[in-house]
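# Coordinate inspection notes
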Amino acid sequence: MSTQDGNGKAAVLGLQHLLAMYAGAVAVPLLIGTGLGFNESQMTYLISIDIFMCGIATLLQLTVNKFFGIGLPVVLGCAIQAVAPLILIGQNKGIGAIYGSIIAAGVFIVLIAGFFSKVEKLFPPVVTGTVITTIGLTLIPVAITKMGGGDAAAANFGNPTLLMLAFVTIVLILVVQIFGKGFVRSIAVLVGLVGGTLLAMALGLVDFSTIGHAPLIHVPQPFYFGTPTFDVSSILLMIIISIVSMVESTGVYFALGDITGQKVQEDDLKRGYRAEGLAVVLGGIFNTFPYTGFSQNVGLVQLSGIKTRRPIYFSAIFLIILGLFPKIGALAQIIPEPVLGGGMLVMFGMVAVQGMKMLSSVDFHDEKNLLIIAISIGFGLGFNAMPTLFNQLPATVQMFTGNGIVMSSLSAIVLNLVFHGYPRKLKAVAEPTKATHSHT
């Protein structure tokens with residue numbers, strides 16, 4: 001009885017994780033499909049296979065064996081930083097080159113997993129904390145845009161009714177967090193999303209048409225869009241994007257290790273990177289996109305206080321089912337944008353706070369650390385807010401400079417190396433990481 005009860009609660013928590021990452025997961029296929037001019041049936045395939053593969057990728061990461069799986073409550077989703085490069089590859093080299101470059105990048109990740117895990121000292125708290133803080137702060141404007149309706153150029157953007165839905169969702173989450181106890185408190189975000197959607201439904205603002213348009217069943221097909229082609233320049237570009245995704249995932253792993261009280265060791269990182277690489281290869285084969293650890297779910301783990309993998313197993317199973325039955329998956333799409341925005345604001349804020357918590361072990365009396373954090377967060381937020389700053393540079397360079405998370409990650413790593421060196425001096429700086437991971 002208690003096991004069933006535990007599974008029931010874990011399933012509800014898993015549903016909360018699914019809803020938290022769903023918008024981010026479908027955003028990537030929507031953006032790329034739109035950028036490449038895909039028709040409705042192609043878009044339906046892209047979204048369905050993406051959701052299905054998110055579940056498979058998450059299972060790979062949850063399942064720990066000698067070869068792959070980090071064993072932390074991590075959810076994998078499509079890497080948003082891959083959107084612009086993949087659209088560029090598709091427009092210039094064709095859709096086959098997109099999937100050829102993804103498969104090659106996945107193989108590359110698997111091959112360098114061992115080496116990348118050995119350079120763990122490149123990611124002391126001053127680096128990982130800065131990157132996680134930047135990720136959270138960079139995502140907050142996305143939540144704010146959704147709170148206003150999702151399209152800042154729309155005539156009804158910021159309509160009082162839409163704002164009310166967003167703030168009611170936030171208030172519901174706060175009320176449950178303050179007055180709720182135990183399990184109810186842990187599903188505060190889910191309560192907020194459901195409550196906000198019910199209110200929107202009462203106001204006639206819920207669109208059910210996506211359910212009607214979605215097919216009843218969908219079967220994943222390898223090479224749905226044709227045979228992959230292997231273009232060298234496209235592969236090199238995706239390898240660079242994959243390395244940046246690995247840096248972001250490293251921050252997610254350390255953040256989750258910090259929350260759950262697990263020490264993230266070299267072998268854990270190696271298995272985590274391999275699982276990610278394997279997921280990327282499968283993504284290329286089934287014509288979806290590269291995967292990375294999802295930051296928004298870090299905020300949810302922190303908020304819910306649940307530190308086990310069981311709810312994430314349920315999330316993965318739900319994602320696989322949703323990918324097979326698009327009509328069921330479309331149910332999650334009826335959540336209005338302002339309601340999602342309200343929930344996202346809380347979660348992205350928690351991601352930023354988790355990054356700040358990781359930075360608490362950094363020596364702030366050392367001005368070098370202050371410079372690393374200040375410049376990296378400045379690059380991250382500034383370049384993300386004004387990507388047109390680099391319009392005079394070549395398109396390939398703009399793909400990196402226009403992505404705040406990429407620039408923040410690179411600057412934090414490089415500045416940390418410049419100021420603290422590698423590996424002798426860095427060892428002392430990296431030491432607090434061990435202490436940080438030994439408790440929540």
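Look up a bit, the structure's there.
What this report covers is the structure whose coordinates are included nearby. Since the structure is predicted, the reported quantities are computational estimates derived from the model, not experimental observations.

What follows is about the overall build of the chain. Regarding its fold elements, the chain presents 19 helices and two strands. Rg of the C-alpha trace for the chain: 21 Å, near the compact-globule value of 22 Å for 440 residues, within the 12% margin. On the principal axes, the C-alpha backbone points of the chain span a range of 60 × 55 × 50 Å. As displayed, the chain has an accessible area near 17,700 Å², and 68% of this comes from carbon and sulfur atoms. Charge-centre separation for the chain: the mean point of 22 positive side chains lies 10 Å from the mean point of 18 negative side chains.

Once that is clear, we can look at the nonpolar core. Ranked by internal contacts, the top residues of the largest apolar core, which has 124 residues, are L86, F123, Y273, F289 and Y291. A per-element tally of this core places helix α10 (residues 232-260) first, with 14 residues.

With that settled, the discussion passes to unusual backbone geometry. In this structure, F223 takes a positive phi of about 50 degrees despite not being glycine. Assignment of secondary structure puts F223 in the loop between α9 (209-213) and α10. The phi angle at N287 is positive, at roughly 60 degrees, despite the residue not being glycine. With relative accessibility at 0%, the residue N287 sits in the buried group.

The terminal C-alpha atoms of helix α18 (residues 404-420), which comprises 17 residues, lie 23 Å apart, in line with the 24 Å expected from a rise of 1.5 Å per residue. The buried count for α18 comes to 12 of 17 residues, which makes it a mostly enclosed element. Among the residues making up α18, those that are buried are G404, I405, V406, M407, S408, S409, S411, A412, I413, L415, N416 and H420. A positive backbone phi angle near 75 degrees is found at G421, which sits one or two residues after α18.

Right, let's talk about the packing of aromatic side chains for a bit. By the definition in use, this model includes 12 aromatic pairs. Judged by centre distance (4.8 Å) and plane angle (20 degrees), the rings of F379 and F383 are stacked. Residue F379 and its partner F383 are located together in helix α16 (residues 367-385), separated by four residues, close to a single helical turn.

To continue, consider the pattern of salt bridges. This model, assessed by the stated rule, comprises five salt bridges. We note a salt bridge from E337 to K146, for which the minimum N-O separation is 3.0 Å. Of the two residues, E337 sits in helix α15 (residues 337-359) while K146 sits in helix α5 (residues 125-147), which places them 191 residues apart along the sequence. Using a relative accessible area of 16% as the deciding quantity, one classes K146 as buried. Across the pair D267 and K270 runs a salt bridge, and its minimum N-O distance is 3.8 Å. Residue D267 and its partner K270 are both found in helix α11 (residues 266-285); the two are separated by three residues, about one turn of the helix. Overall, the relative accessible area of 47% leaves D267 in the partly exposed class.

This part takes up the side chain of R271. Along the chain, R271 turns up in helix α11. R271 gets classed as buried once you look at its relative accessible area, which sits at 15%. There is a polar contact of 2.8 Å between the side chain of R271 and the side chain of D268.

For the rest of this paragraph, the subject is helix α4 (residues 95-118). It helps to recall that an α-helix has 3.6 residues per turn; residues three or four apart then point in one direction. In this model, α4 (24 residues) spans 35 Å end to end at C-alpha, consistent with the 34 Å of a helix rising 1.5 Å per residue. Maximum bend of α4: about 55 degrees, positioned at I112.

The next thing to look at is the packing of α16 against α18. One way to put it is that α16 packs onto α18 with a least axis distance of 8 Å and a crossing angle of 160 degrees. Looking at the two axes, α16 sits roughly antiparallel to α18. Both α16 and α18 take part in a crossing whose hand is right-handed. For the pair formed by α16 and α18, the contact residues are K368, N369, L371, I372, I375, S376, I377, F379, G380, F383 and N384 on the first element and G404, M407, S408, S411, A412, L415, N416, F419 and H420 on the second. The class makeup of the residues in the contact of α16 with α18 is 10 nonpolar, nine polar and one charged.

One can find V298 in helix α12 (residues 296-304). The class for V298 is buried, based on a relative accessible area of 1%. Note: C-alpha distance between V298 and V351 (53 residues apart in sequence) is 6.3 Å. Other than its neighbours up to four places away in sequence, V298 contacts V252, A255, L256, I259 and Q354.

Counted under the stated rule, the structure contains zero disulfides. Of the cysteine sulfurs around C54, a residue in no disulfide, the closest is that of C78, at 5.1 Å. Given the relative accessible area of 0%, C54 is considered buried.

With that settled, consider the packing of α4 against α11. Here α4 crosses α11 at 175 degrees, and the two axes come no closer than 7 Å. Looking at the two axes, α4 sits roughly antiparallel to α11. For the pair α4 and α11, contact is made by Y99, I102, I103, G106, V107, I109, V110, A113, G114, F116, S117 and K118 and by E266, L269, K270, Y273, R274, G277, L278, V280, V281, G283, G284 and I285, respectively. Tallied by class, residues from the contact of α4 with α11 come to 14 nonpolar, six polar and four charged.

For A104, the position within the fold is in helix α4. Spatially, the C-alpha atoms of A104 and V232 are 9.8 Å apart, while their sequence positions differ by 128 residues.

Cut-offs applied
Residues numbered from 1 in each chain as written. Predicted model: local features only at pLDDT ≥ 70, side-chain atom pairs only at ≥ 80, totals over all residues. Heavy atoms only, no water. Helix = DSSP H or I, 4+ residues; strand = E, 2+ residues; numbered from the N terminus. Rg over C-alpha atoms; globule rule 2.2 N^0.38 Å. Areas by Shrake-Rupley, 256 points an atom, 1.4 Å probe, with all protein chains shown as cover. Lys, Arg positive; Asp, Glu negative; His and termini not counted. Charge placed at Lys NZ, Arg CZ, Asp CG, Glu CD. Core = buried A, V, L, I, M, F, W, Y, C linked by side-chain atoms within 4.5 Å. Buried < 20%, exposed > 50% of the residue type's maximum accessible area, 1.4 Å probe, protein only. Expected span 1.5 Å × (residues − 1). Phe/Tyr/Trp six-rings, centres within 6.5 Å; stacked < 30°, edge-to-face > 60°. Salt bridge = Lys/Arg side-chain N within 4 Å of Asp/Glu carboxyl O. Polar contact = N/O pair within 3.5 Å; in protein donor to acceptor, adjacent residues only side chain to side chain. Bend = angle between axes of the 7 residues up to and from the residue. Axes fitted to C-alpha atoms, helices over the stretch in contact; angles between N-to-C directions. Parallel < 35°, antiparallel > 145°, perpendicular 65-115°, else oblique. Left-handed = near helix turned anticlockwise from the far one by under 90°. Contact = heavy atoms within 4.5 Å. Nonpolar A, V, L, I, M, F, W, Y, C, P; charged D, E, K, R; others polar. Disulfide = S-S within 2.5 Å.

No statement about biological role is implied by the geometric values presented.
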